[in-house]
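Coordinate analysis (summary)
Each chain is listed here by its residues.
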Amino acid sequence: MGWLGLDDTDSLKEGCTTYSLHLLLESLPASVTVSSPRLVRLWPFAQHRTRGNAAVAVEILTKDEDALLKHLDAYWNEHILPCKGALSSSKHDARTQYPADPGMVWFSSRQPNETFYTQAVQTEVQLQDVPEADRSWGRQGRIGATAAIAWRQNRITWEAIAWRQPHRHGQNVRQVCDKALAFVDSMSSTFLSRDPRKGTGLIAPRGPCPVLFGLRARDEDTAHEAGKHLLAAEKTEAVIGWRVFATNQATDDHLTQSLQATVANVDILSRGNCVVTTESGKWLAFAESGSVKILAQWLQPGDEIEGYGLSPEFGILHLEKLRLVSAQPIQHRPMCEKCSVRMKSMGKGQGCRCPKCRQRTDDAWVSTPRVPPFPSWVQPQMDARRHLARPLEWGDAADSF
Ligand SMILES: [Zn+2]
């Protein structure tokens, strides 16, 4: 028994680590048994990240480990090593793409310590910090490969992934039956499969990658059932294979404690990007973050807020979830009891006077509460969330994590 991890095999043509794993598993000798594969999303700001920053792993049972390792050696040299240096292409991601630097690891009896997974999903990890495997191949990709094995599945969701036939790789139009998709979307445990506002599917990746669809569910049985249903539909194109992956998507594993702070200043920048300055740094709400941005823009100095997010550098928080704890009320001068007209200040310490009847009072303020646009936690709309983000509608995520 052992664990195999694989990462960073993205390339222009076969740009998906799940596909590489599928082909590798298909190549294994019949004598080995493979358990549920896993797809693990890691620190979104990792310097050497490839698109989606996902790594894969699988548990393998074999009575002949030597033969398996020999097979993996040969497979590595023939099929994975040639990916090294390939650039994944994405028109949707302007960040620097590093050339693929694949890595594969084998842990023959034990999983690496869980803390390594936590580090790799919550922070930047360097190659020298990776726990030593019983056998390893390649370089940079060993980080994700090892983290995928170290994940203990404390919080878990599932994804059914199907791969296209090779002659369709690179074609952008993907055929998945709309009716079947609407049906699986209505299953109670599937999630993020269809955008109800736009009526569009969210299961098909963009660009040339070989994945036909990735359908998410909160339990394994539903992922199987829904995947089968989509593939059985006549209007869904033929695939070369599909598997259900255990994933850390929608677990909030990338987030640590929430922060509470007082708003010092709010700057609304171009396109609606919003910077909220607090005593614990600058909190950024991006234009794409929907309700998070709307709430951030509404804030005023003195408001108390609570937020979850990622800190790619010290003093900066990229907001993923936000709520108002308390709002500074609006301060007004009192109304004149006789005329119902708002009184005006006569100057500092001089009291107030009704502009109509000239009635005077002591220097006074009355306050009116401000009504926030949202009463509780907000998150970006579904197509703007990170893979790792746990939907708020699943319950007290923000309080329990
Ligand atoms: Zn008056």
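Throughout what follows, the structure given in this document is the object of discussion. (Residues numbered from 1 in each chain as written. Predicted model: local features only at pLDDT ≥ 70, side-chain atom pairs only at ≥ 80, totals over all residues.)

**Some points on the overall build of the protein chain**
- On a plain count of helices and strands, the protein chain comes out with eight helices and 22 strands.
- By principal-axis analysis of the C-alpha atoms, the protein chain measures approximately 95 × 50 × 35 Å.
- With 401 residues in all, the protein chain has 40% of them scored as buried.
- The contacts in the protein chain between residues at least 6 apart in sequence include a share of 68% that link residues at least 24 apart. (Helix = DSSP H or I, 4+ residues; strand = E, 2+ residues; numbered from the N terminus. Buried ≥ 20, exposed ≤ 12 C-beta atoms within 10 Å, placed from the backbone. Contact = placed C-beta atoms within 7 Å.)

**Describing helix H7 (residues 291–298)**
- When H7 is considered as a whole, its buried residues turn out to be Val292, Lys293, Leu295 and Ala296. Angularly, the buried residues of H7 cover 165 degrees about the axis, an arc narrow enough to put them on a single face.
- If you follow the buried residues of H7, they end up packed against strand E14 (274–278), strand E15 (281–285) and strand E17 (316–326). (Arc of directions from axis to C-beta.)

**Description of the sheet that holds strand E21 (residues 360–361)**
- If you walk across this open sheet you meet the three strands as E19-E20-E21, and the pairing is antiparallel. Each end of this open sheet is capped by a strand with a single partner; those strands are strand E19 (344–345) and E21.
- Pairing of E19 with strand E20 (residues 352–353) involves two bridges; the strand directions are antiparallel. In the strand pairing of E20, Ser345 is matched with Cys352. (Pairing = 2+ DSSP bridges.)

**With respect to the nonpolar core**
- Membership of the largest hydrophobic core comes to 64 residues, with the highest contact counts inside it found for Ala55, Ala57, Ala120, Ala147, Ala148 and Leu215.
- When residues of this core are sorted by domain, at least three fall in each of domain 1 (2–150) and domain 2 (157–247). (Core = buried A, V, L, I, M, F, W, Y, C linked by C-beta atoms within 7 Å. Domains from an automatic or database assignment.)

**Things to note about the environment of Asn273**
- Mapped onto the fold, Asn273 is located in the loop between strand E13 (259–268) and E14.
- Its 17 C-beta neighbours within 10 Å are what place Asn273 among the partly exposed residues.
- When the C-alpha positions of Asn273 and Val34 are compared, they lie 46 Å apart, and in sequence the two are 239 residues distant.
- Other than its neighbours up to four places away in sequence, Asn273 contacts Phe286 and Ala287.

**Some thoughts on the environment of Asn77**
- Tracing the backbone shows Asn77 in helix H2 (residues 65–80).
- Its 11 C-beta neighbours within 10 Å are what place Asn77 among the exposed residues.
- Residues Asn77 and Trp137, spaced 60 residues apart in sequence, show a C-alpha to C-alpha distance of 9.4 Å.

**Considering the pairing of strand E11 (residues 211–217)**
- With seven of seven residues buried, E11 is to be regarded as a mostly interior element.
- Note that strand E7 (residues 157–164) and E11 share six bridges and pair antiparallel. Across the sheet, Ala162 pairs through a bridge with Phe213, a residue of E11.
- Both strand E8 (residues 190–191) and E11 contribute to a ladder of two bridges, which runs antiparallel. Paired with Thr190 across the strands is Ala217, a residue of E11.

**Thoughts on the pairing of E13**
- In terms of strand pairing, E13 meets strand E16 (residues 304–310) through four bridges, oriented antiparallel. Across the sheet, the residue bridging to Leu259 is Gly307, located in E16.
- Bridge count for E13 against E14 is five bridges, and the pairing is antiparallel. Paired with Ile268 across the two strands is Cys274, which belongs to E14.
- Connecting E13 to the antiparallel partner E14 that follows it, the hairpin turn spans five residues, and Arg271 within it adopts a positive phi of roughly 60 degrees.

**Regarding the packing of helix H5 (residues 178–186) against helix H6 (residues 220–232)**
- For the pair H5 and H6, interaxial distance at closest approach is 9 Å and the crossing angle is 165 degrees. Relative to H6, the element H5 is oriented roughly antiparallel. The two elements H5 and H6 meet at a crossing, and its hand is right-handed. Of H6, the residues touching H5 (which contributes Ala180, Leu181, Phe183 and Val184) are Ala226, His229 and Leu230. (Axes fitted to C-alpha atoms, helices over the stretch in contact; angles between N-to-C directions. Parallel < 35°, antiparallel > 145°, perpendicular 65-115°, else oblique. Left-handed = near helix turned anticlockwise from the far one by under 90°.)

**Here we look at the environment of Ala145**
- With respect to the element layout, Ala145 can be found in helix H4 (residues 142–150).
- Under the C-beta neighbour-count criterion, Ala145 is labelled buried, with 33 such atoms within 10 Å.
- Sequence-distant contacts of Ala145, defined by excluding residues within four places in its chain, comprise Gly5, Leu6, Asp7, Ala55, Ala57, Gly103, Met104 and Val105.

**Overview of the sheet that holds E14**
- A barrel is described by the order of its strands in space; here five strands give the closed sequence E13-E14-E15-E17-E16, paired in mixed fashion. Strand after strand, the sheet turns through a mean of 55 degrees between neighbouring axes, direction not considered.
- When E15 meets E17, the two strands line up parallel, connected through three bridges. Its bridge partner lying in E17, Leu284 is registered against His318.

**Some thoughts on helix H3 (residues 114–122)**
- Of the positions making up H3, those classed as buried are Phe116, Tyr117, Ala120 and Val121. For H3, the angular spread of the buried residues around the axis is 125 degrees, confining them to a single face.
- Packing partners of the buried residues in H3 comprise H4.

**Points about unusual backbone geometry**
- At Arg271, a position not held by glycine, the phi torsion is positive, near 60 degrees.
- Its place among the elements puts Arg271 in the loop between E13 and E14.
- Exposure remark for Arg271: the 10 C-beta atoms within 10 Å place this residue in the exposed category.
- One non-glycine residue with positive phi stands out, namely Arg358, at about 65 degrees.
- One can find Arg358 in the loop between E20 and E21.
- Accessibility expressed as a C-beta count within 10 Å gives 8 for Arg358, which makes it exposed.

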